[in-house]
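What follows is each chain in one-letter form.
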Protein chains: 2
Amino acid sequence: MLTKTNNKLEKIEITSTFWKKYRELIVKEVLPYQWEVMNDSADISITHEPGGNDAHQEHSHAIQNLEIAAGLKKGKHNGYTFQDTDVYKWLEAAAYSLKYHPDNELRKITDSLIDLIADAQEEDGYLVTYFQIEAPDRKFARLKQSHELYTMGHYIEAAVAYYEVTQNHKALDIATRMADCMAINFGYGDQQIPGYDGHPEIELALARLYELTQNHKYLELAEFYINERGQDNFFDRQISEDGFTRDLIDGMRNFPLTYYQAAEPIREQETAEGHAVRVVYLCTGMAYVARLTGDRSLLESCQRLWKNIVEQKMYITGGIGSTNIGESFTGNYDLPNDTMYGETCASVGMAFFAKEMLNLEAKGEYADVLEKQLFNGIISGISLDGTHFFYVNPLQADKETSKNNPSRNHVLNQRAEWFGCACCPSNVARLIASVDKYIYTIKDDVILSHQFISNKAKFSNGIEVCQESNYPWEGTISYTINNTSTLDKLIGIRIPKWSQKNGKLIINGETKELILEDGFVYLSISQGITNIQLVLDMAVKKYQANENVSYDFGKVAVQRGPIVYCVEKIDQDLDVWKYTLTNDNEYQFTFDPQLLGGLVTIQANAKFPEEQENKSLYREYSAPTFIKTKIKLIPYYAWANRESENMEVWINQE
Amino acid sequence: MLTKTNNKLEKIEITSTFWKKYRELIVKEVLPYQWEVMNDSADISITHEPGGNDAHQEHSHAIQNLEIAAGLKKGKHNGYTFQDTDVYKWLEAAAYSLKYHPDNELRKITDSLIDLIADAQEEDGYLVTYFQIEAPDRKFARLKQSHELYTMGHYIEAAVAYYEVTQNHKALDIATRMADCMAINFGYGDQQIPGYDGHPEIELALARLYELTQNHKYLELAEFYINERGQDNFFDRQISEDGFTRDLIDGMRNFPLTYYQAAEPIREQETAEGHAVRVVYLCTGMAYVARLTGDRSLLESCQRLWKNIVEQKMYITGGIGSTNIGESFTGNYDLPNDTMYGETCASVGMAFFAKEMLNLEAKGEYADVLEKQLFNGIISGISLDGTHFFYVNPLQADKETSKNNPSRNHVLNQRAEWFGCACCPSNVARLIASVDKYIYTIKDDVILSHQFISNKAKFSNGIEVCQESNYPWEGTISYTINNTSTLDKLIGIRIPKWSQKNGKLIINGETKELILEDGFVYLSISQGITNIQLVLDMAVKKYQANENVSYDFGKVAVQRGPIVYCVEKIDQDLDVWKYTLTNDNEYQFTFDPQLLGGLVTIQANAKFPEEQENKSLYREYSAPTFIKTKIKLIPYYAWANRESENMEVWINQE
């Protein structure tokens, strides 16, 4: 696990039509829009945060809070204690975008933003504007709710990204001073706090900072936070000192310790519990630290929680979090489609976790889940115009029910312009802007090509890869690999689980048997050019859920390649739940360049019961006459981009 | 509508095996148990109130609060502002029981209780122990939350019942003094409060008091409360005077005005909205007042709301309230089975409403719903041992989900010993103890026999009815009617909607054609004995929901006679949702005297998919092999009387 890798991804350019469009959207729409919103100059309406713990307000105030903390403006802090993180995640996204789309105007803005952040930072490195402005006496005093380490951690992530792209040392200095501030304040010493943040994130941020700076102190601090978590009643002790009723965020008092990932030490935890984003951020940090320290028990904890999430608690779209109450995981196989959460941030976090697990173990399973998130659960969080966002990503949505039933009104039928707690919009932005980091993993010097996102890449071991395809709409992936060294080099190509029965690999014109090792086919690439064609199984397929998932009994979900499909009311005559797919398995699929930015739609044979003449609420049953019809399915990620409509992923199966 | 009726039910004795058992349970178990609980001497554990607005405590304290208010004890008030109502509803149930089961010991207790209540009452008639003990300066100051009129109204109901049975005048005097206190404090005068209670109930209580006392002031006051409701921002004005943040009940601040039945004047309201119990209590009061005053617009409001509830918002069991959030109605046809509420009190209230509508209009539809409530939604609220109660009556319950999913943990899988907010236990008790009042309605001197609960009854117009059957297990209802007068008398016999296709009426041995007028067959009964046999259609039937109810699509509910059936895990091999009823409509039904107090169980043909070998969370669909089997159904009201088990009413239909 600790094997040092010498090979490195030196350069990568994304050429995928599908992803270039998203990444240009980030540059042209998302970053300017979000910058305006954070500067309170966008004319938008802010939707209530669907988890319910909402400090609702008309504007973001995120930049203004920094200006007040920097002494440039006077006023009150507005928003959550972690309001600053919107700025930092935006900055991180901007940093990634500057790599693939250098832009002097944007660079001026981000450099000035770094100056502003530097001005807002205190002498000792502390920077959380809420506490600086409103409650300087409560710094680090109520970590269960304060999000202070979470907030600074997000800056650290942004700084690492920004420094890597721009070499702006001031940006990095702010981050190291923050981490130094934590290192002084936290630990087992007499004057130190033996505790951790209620919202994990700092662990992964410190690991990233360590990777960049090689300052071992930061890795040790990350380990400290991981190890302390859940050990004793630290939160209670702090709260009794801070004052029981002085909540920092309304409604958080009664959440159980599982919500805060503090119910037990992580090495003893058997299942993923509580707030889904917190779980996957923590797991990402753990996986990171496990790799950097070789801590096998941490790796095992990651494997255990991964297994529980992926085998018992994940929606077919990659969504996680089965309830809005506490934005949390629930029991095994408890996957309701209509009252669920499936937060965009949780899918983003699950992609982080998958990426780190791939760094630990060359298993296709991690990349399968990463692909599921990238093509479904993550991008469903952002509208095709780049200015509307989902917090909740349901698998079933009904406009009237969302409006009239408070148990279901966290499920929106259209993406919102912004949220009171706006964690998701910038999170999806930074993920898309850095998607080039998710295509390859280097493990023991071997290049693992696991995501089919067309690109040109150059590795330090002399391998140059040109990967071309029209994925996800077509399944033929062409690799032109140039081995510029004199030695043969190993490369692993992932065969997705959904294609393992019918996938085909053609090397220099010759079909090769698929010999899979944990989901990868390993090929030895000799000097010079090797042409590889991977032909994936792009048949339309129906999936069914495990028999313990009561909500999906008798239903199927349609998938083609990595894309999960859904039925949207706007494409059918009747309400979506009235259709039943017939048993013939005949489908037509077409690429429609005009529809929703261009995508493949599927037509499937279905039936629906003839309309009842008797309109009573209940009537004696008579076997219905079914009428044959066709239904049209669109990719899940693209739903709710036309009108606010009813949608479902799981469809009745004959 | 104002036609005075001269005929009266003079005497009735219930002989039904089914109901006698329940009514003996009230005497032997329910009343003694609840009395102990209210005196804090029962060794029980109190379950959180599933609506979420819980002032949780270890004991009821309901009697102790009265003792403190009466100056007999010192101490703090405990529980809700309406804690007294538990005592009053119990007293009302006790009163009814004394009629069918005279009991000197109980009579001593209730008479002493009246003395205690009299001692607790203030000079001016006011009696709400919370405000007397804890907040005398806030009397009538925050009616949106205070439940003061609701609380005294429940005493008035109890007093009317107690006086009618015992002629205890002290009991009635307390009630009239309460009502006089209200009449002085409420109205349009300078010193009066132009407002009403956030929880309707006083309207029906005052109407009952008027009927007994014939004091017109009480009827006018009931009208005043009905008319004022929703007219202006009365609640806001009171709250701004009382202090915005000084909530009497945590969590109630943000409920919408619909919750309080105060969003608009009742005559303008088109649909039933908000807290279901409040809706049906209000409607009962309105129907009562409409009958007593001849107010046609009130009758129309009742008809409109009835129609909306029964045709769009009622579960097949009679349950109402589709969400626990605000214990409320939601949209039309929004009837989720797993996250619903279906409060026992709401079914009891719906029975009140039906009874009053029957007093207004001789329509079988009202009696159909009344029957549905009596045999399903109401009695499901009480265990067969009389000491456990449901607040929420779901149509689908899953033990693991209730435990692990906070969006669903208001749905219990076993009845509780008591609740923090214990409105349901005494409500179901008073309904069962007074079920003799729900069997006949006299409309324009005509006797309407609408509930098939065996009884012997004597009417003031000279008619004596002996109704015999083994209902609900058998469908032959034998009437022996003795007309002791010399004139022919009309009697209406209801043919339930579920039997109108195949019902049969045999009069003195001769089969008579069913000529229905609004669900009733009217017969002219001559002097002497008439023998009538009503033969109802007791075939097992499957019902389906209106096509707009997405939750029940492709599913059926099984009913036999008035009894709705369910599948409980304990009777099957597999989890309940895995079964699909086949299309043959062959059933076996048997009366099992040993099972759950004796009831008819149904066996139906079903199938289930062969167990999957592949245990992945998602797998490629292959048409399952179905295995034929039989499933056993039990009456819905009897579920959760063995173990805490999974249950469902709506079953997949082939």
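See the structure shown above.
Because the structure is predicted, anything quoted here is derived from the model rather than measured.

What counts and how
Residues numbered from 1 in each chain as written. Chains lettered and ligands numbered in written order. Predicted model: local features only at pLDDT ≥ 70, side-chain atom pairs only at ≥ 80, totals over all residues. Heavy atoms only, no water. Pairing = 2+ DSSP bridges. Helix = DSSP H or I, 4+ residues; strand = E, 2+ residues; numbered from the N terminus. Axes fitted to C-alpha atoms, helices over the stretch in contact; angles between N-to-C directions. Contact = heavy atoms within 4.5 Å. Polar contact = N/O pair within 3.5 Å; in protein donor to acceptor, adjacent residues only side chain to side chain. Least-squares fit on C-alpha atoms with pLDDT ≥ 70 in both. Buried < 20%, exposed > 50% of the residue type's maximum accessible area, 1.4 Å probe, protein only. Buried area = accessible area lost by both parts, 1.4 Å probe. Salt bridge = Lys/Arg side-chain N within 4 Å of Asp/Glu carboxyl O. Phe/Tyr/Trp six-rings, centres within 6.5 Å; stacked < 30°, edge-to-face > 60°.

Enquirer: Sorry, what's going on with the sheet that holds strand E11 (residues 520-525) of chain A here?
Expert: The strands that make up a sheet pair up through hydrogen bonds in the backbone, lying either parallel or antiparallel. All names here are of chain A. With mixed pairing, four strands are arranged side by side in an open sheet as E3-E4-E8-E11. Both outer strands of the open sheet, strand E3 (440-443) and E11, are each paired with one neighbouring strand and no more. Shown here is a sheet whose adjacent strand axes are inclined to one another by a mean of 25 degrees, direction ignored. Bridging between E3 and strand E4 (residues 446-449) involves four bridges; their strand directions are antiparallel. When the bridges of E4 are listed, Tyr440 appears paired with Ser449. The strands touched by helix H14 (residues 344-360) within the sheet are E3 and E11, with E3 carrying the most contacts at an inclination of about 30 degrees.

Enquirer: What am I meant to see in the environment of Asn652 of chain B here?
Expert: With respect to the element layout, Asn652 of chain B can be found in strand E24 (residues 651-653). Residues Asn652 of chain B and Val576 of chain B, 76 residues apart in the sequence, show an inter-C-alpha distance of 9.9 Å. If sequence neighbours within four positions are ignored, Asn652 of chain B has contacts with Phe553 of chain A together with Gly554, Lys555, Trp577, Tyr579, Thr580 and Leu581 of chain B. There is a polar contact of 3.2 Å between the side chain of Asn652 of chain B and the side chain of Lys555 of chain B.

Enquirer: I'm lost on the relation of the copies chain B and chain A in this one. Help?
Expert: These two copies of the chain differ by a rotation about an axis and a displacement along the same axis. With an axial shift of 0.0 Å and an RMSD of 0.0 Å, the rotation relating chain B to chain A amounts to 180 degrees. Expressed as an axis order, the relation between the two copies is that of a two-fold axis. Every residue of chain B has its C-alpha some distance from the rotation axis, and the shortest such distance is that of Ser407 of chain B, at 3.7 Å. Mapped onto chain A, 100% of the interface residues of chain B again fall at the interface, so both copies present the same surface.

Enquirer: What should I look at first to understand the pairing of strand E10 (residues 489-494) of chain B in this one?
Expert: Along a regular strand, successive side chains alternate from one face of the sheet to the other. Residue and element names in this part refer to chain B. With five of its six residues buried, E10 lies for the most part within the structure. As paired strands, strand E6 (residues 446-449) and E10 are joined by three bridges and run parallel to one another. Across the sheet, residue Ile447 finds its bridge partner in E10, namely Ile491. Bridge count for E10 against strand E13 (residues 520-525) is six bridges, and the pairing is antiparallel. Along E13, the bridge assignment pairs Leu490 with Ser524.

Enquirer: How do you make sense of the interface of chain B and chain A when you look at a structure like this?
Expert: Buried accessible area, meaning the area lost when the parts come together, often serves as the stated size of an interface. Across the contact, 60 residues belong to chain B and 60 residues belong to chain A. Both sides of the chain B and chain A interface together cover about 4900 Å² of buried area, and 51% of this is carbon and sulfur. Considering only the side of chain B, the residues that lose the most area to chain A are Leu617, Tyr618 and Tyr621 of chain B, jointly responsible for 17% of the buried surface there. Counting across the chain B and chain A interface gives eight salt bridges.

Enquirer: Could you clarify how one ought to interpret helix H2 (residues 62-69) of chain A in this entry?
Expert: For an α-helix, 3.6 residues make a turn, and residues three or four places apart therefore share a direction. Residue and element names in this part refer to chain A. Counting buried residues along H2, six of its eight residues qualify, which places the element largely inside the surrounding structure. Where H2 is buried, its residues meet helix H1 (17-38), helix H3 (84-100), helix H4 (104-120) and helix H5 (129-134). A positive phi of about 80 degrees marks Gly71, the residue just after H2.

Enquirer: Looking at this model, I keep getting lost on the packing of aromatic side chains. Mind explaining?
Expert: Aromatic ring pairs are reported here in terms of the distance separating the ring centres and the angle at which the planes meet. All names here are of chain A. Scanning the model with the defined rule gives 78 aromatic pairs over all chains in all. When the centroid spacing of 5.6 Å and the interplanar angle of 70 degrees are considered together, the rings of Phe18 and Trp19 count as edge-to-face. Across the pair, Trp19 and Phe18 agree in class, each one buried. Judged by centre distance (5.1 Å) and plane angle (80 degrees), the ring pair of Phe140 and Phe186 falls under edge-to-face. Placement of Phe140 in the loop between H5 and helix H6 (143-146) and of Phe186 in the loop between helix H8 (169-185) and helix H9 (202-213) is noted, with a sequence separation of 46 residues between them.

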